[in-house]
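The chain contents come next:
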Amino acid sequence: MFNLKFIHAADIHLGSPFLGLRNATEDVKDLMHHSINQAFEKMITDAVAENVDFVLIVGDLFDEPNPSFNVIETAIDGFEKLNRANIPVLLSFGNHDYLNEEIPSSIFPDNVQVFDDKVSVKTIRTVQNENVKVAGFSYKARSEPQSRIDEYPVNGNDADYYIGTLHGSMDGLNSPEARYAPFTKDQLISKHYDYWALGHIHKRVQLNDNPLIQYSGNTQGRHINEQGVKGHYLVESNQKQLVSTFKPTSSAVWREIEINCDPDDTFDSLKEKIQSKLSKNHQTFDLVKVRLNQSNLLDQDVVNTLMGDVFLNRLQRELEHQESWIFKISLNTDEAMQELPKLDEDFWNTAKADIFNKSNILSLMGRLQEYDFLVDNFDSEDTVNELKSQSELQLIKNSAFKDEHHAN
Ligand SMILES: [Mn+2]
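Position numbers for residues count from 1 along each chain, tracking the sequence in the order it is written. The predicted origin of the model limits local features to residues at a pLDDT of at least 70 and limits the giving and counting of side-chain atom pairs to 80 or more, whereas totals for whole chains, interfaces and linings rest on all residues. Side-chain calculation: all heavy atoms of the structure are included, whereas hydrogens and water are not.

The chain carries the name DNA repair exonuclease in an unreviewed UniProt entry, which gives Pediococcus argentinicus as its organism.

See the structure below:
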């Protein structure tokens, strides 16, 4: 009678910075600063409480290859707790925390087994005497352009369970140039494993349901492109099949809310609309981006102030002691072109497509591209659209000022 139980976690990113908290109060910064560690500690607590057979960490435990002493200590403390509960950890490093001499495997307690840069298979014998094989590898550089899938052995049915761990991107799932150990779903299925624990994509994605092939996503969102509740999977055997339950770990959650503007809206009415949309009854602290739709309908004075920090600062002050922090107000300008009579619309649309695209933005970033967390933010459609909207509004504002000037 088998009863296997393990945790699949990935992309914990201990030591990661946060984006979008420039104006946050010390309390909010503090809360976010601790949230990454708290997510890791929650995962450890879950492992002990569930008395799992082992924990899989599939890459990017650390945010960088040379984390600070404190960051390494946090990991070791957590692993010690698992050691005292006799829970093994199978750890592979990803593109953020690739193998290097600064973190020798020997600094971790005895229950931690680290995958090296060749695909290898580790065997775990559980308390109930089940034989589990786990295949995986660690990155040895910040990218892994080669597909590594051929190195994974096919399940030879010589174990009770066979599990694959892989930090990488499925063809077409991530960026066009899959620089991270690319694979296809068929390749994974062809290995006949009982479960594939994937890492690298910071979003929960299920690629297949039997056998389960899935990304657990990261354990704590770090910017607005990592929205929603984050966590890890508790995986258990049900008959012979492995099934999973999502376990939340994020104490802070990035969210976006949408507000529709009316022509007679004022600061106060907008504030009320926003306030009524902030949810009041969940367990987490929310980091909120407010999207104002049809903002071109608003009075020009209101728009001008919205574009500066005045309105945002006022809102932040008034909502300071609530369970959320509004970090950004963005003006949606879908209808804005009607307000730009002096600018040839075709001309603008062509220029817009030419200028605002991901490759231009990334090349503008230059050497800043070495910072993965910045690339994560700028390499997204959301950010590109944001820049377009901001530019359109700036144009509207300029043309409005010009009109006033001519009138006088
Ligand atoms: Mn990652």
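### Some remarks on the confidence of the model for the chain
Low-confidence regions, as indicated by low pLDDT, have predicted coordinates that should not be scrutinised in detail. Mean pLDDT over the chain stands at 86; residues scoring 70 or higher make up 84%. A residue's pLDDT is the predictor's confidence in that residue, given on a scale from 0 to 100. A contact between two residues is defined here by any heavy atoms of the two lying within 4.5 Å. Contacts of residues 401-408 to residues separated by more than four positions or lying in other chains number 2 contacts, the stretch itself having pLDDT below 50.

### Let's talk about the coordination of the manganese ion
Distances decide who is a donor: an N, O or S atom must be within 2.8 Å of the metal, or within 3.2 Å for Na, K and Ca. Water is not included, so sites may look incomplete. Here the manganese ion is held by the protein donor atoms Asp 11 (OD), His 13 (NE2), Asp 60 (OD) and His 202 (NE2), which lie 2.1 to 2.4 Å from it. When the donor residues of the manganese ion are listed from N- to C-terminus, their spacing reads D-x1-H-x46-D-x141-H. Note that His 13 is positioned in the loop between strand 1 (5-9) and helix 1 (26-49) and Asp 60 in the loop between strand 2 (54-58) and helix 2 (69-84), a separation of 47 residues in sequence. Burial classification: accessible surface area is computed with a 1.4 Å probe over protein chains only, and a residue below 20% of its type maximum counts as buried, one above 50% as exposed, and the rest as partly exposed. Asp 60 sits in the buried class, given a relative accessible area of 1%. Strands here mean DSSP runs of E at least two residues long; helices mean DSSP runs of H or I at least four residues long; both are numbered from the N terminus.

### Let's talk about the sheet that holds strand 9 (residues 205-209)
Within a sheet, each strand pairs with its neighbour through backbone hydrogen bonds, oriented either parallel or antiparallel. A pair of strands is labelled paired if DSSP reports no fewer than 2 bridges between them. With mixed pairing, 6 strands are arranged side by side in an open sheet as 5-6-7-8-10-9. Each of the sheet's edge strands pairs with one partner strand only, and the pair in question is strand 5 (120-125) and strand 9. The mean angle between the axes of side-by-side strands here comes to 15°, regardless of whether they run parallel or antiparallel. Where strand 8 (residues 195-199) meets strand 10 (residues 212-215), 4 bridges bridge the pair, whose relative direction is parallel. The residue of strand 10 that forms the bridge with Trp 196 is Ile 213. Here an axis means a line fitted to C-alpha atoms, over the contact stretch when the element is a helix, while the angle between two N-to-C directions is reported on a 0 to 180 degree scale.

### Some remarks on the pairing of strand 15 (residues 324-331)
With 7 of 8 residues buried, strand 15 is to be regarded as a mostly interior element. Examined bridge by bridge, strand 14 (residues 285-293) and strand 15 share 7 bridges and lie parallel to one another. Paired with Lys 289 across the strands is Lys 328, a residue of strand 15.

### Considering the packing of helix 4 (residues 267-277) against helix 6 (residues 310-318)
Across the interface, helix 4 lies against helix 6 with an axial gap of 12 Å and an inter-helix angle of 50°. Comparing their axes, helix 6 and helix 4 come out oblique. Pair helix 4 / helix 6 crosses with right-handed handedness. Where helix 4 abuts helix 6, its residues Phe 267, Asp 268, Leu 270, Lys 271 and Ile 274 lie against Phe 311, Arg 314, Leu 315 and Glu 318. Our angle categories are set so that under 35 degrees counts as roughly parallel, over 145 as roughly antiparallel, 65 to 115 as roughly perpendicular, and the remainder as oblique. Take the far helix as the reference: if the near one is turned anticlockwise from it by less than a right angle, the crossing is left-handed, and if turned clockwise, right-handed.

### Comments concerning the environment of Thr 305
Tracing the backbone through its elements, the reader meets Thr 305 in helix 5 (residues 300-307). Taking relative accessible area as the criterion, Thr 305 reaches 22% and is therefore assigned partly exposed. Spatially, the C-alpha atoms of Thr 305 and Phe 267 are 9.3 Å apart, while their sequence positions differ by 38 residues.

### Section: the packing of helix 1 against helix 2
Relative orientation and spacing of two packed helices are given, respectively, by the angle between their axes and the distance between those axes. At a minimum axis distance of 9 Å, the contact between helix 1 and helix 2 shows a crossing angle of 10°. When the interaxial angle is binned, helix 1 and helix 2 end up roughly parallel. In contact with Asn 37, Phe 40, Glu 41, Ile 44, Ala 47 and Val 48 of helix 1, helix 2 contributes Thr 74, Ala 75, Gly 78, Phe 79, Lys 81 and Leu 82. Just so you know the grouping, Ala, Val, Leu, Ile, Met, Phe, Trp, Tyr, Cys and Pro go in nonpolar, Asp, Glu, Lys and Arg go in charged, and all remaining residues, Gly too, go in polar. Of the residues in the contact of helix 1 with helix 2, the class split is 7 nonpolar, 3 polar and 2 charged.

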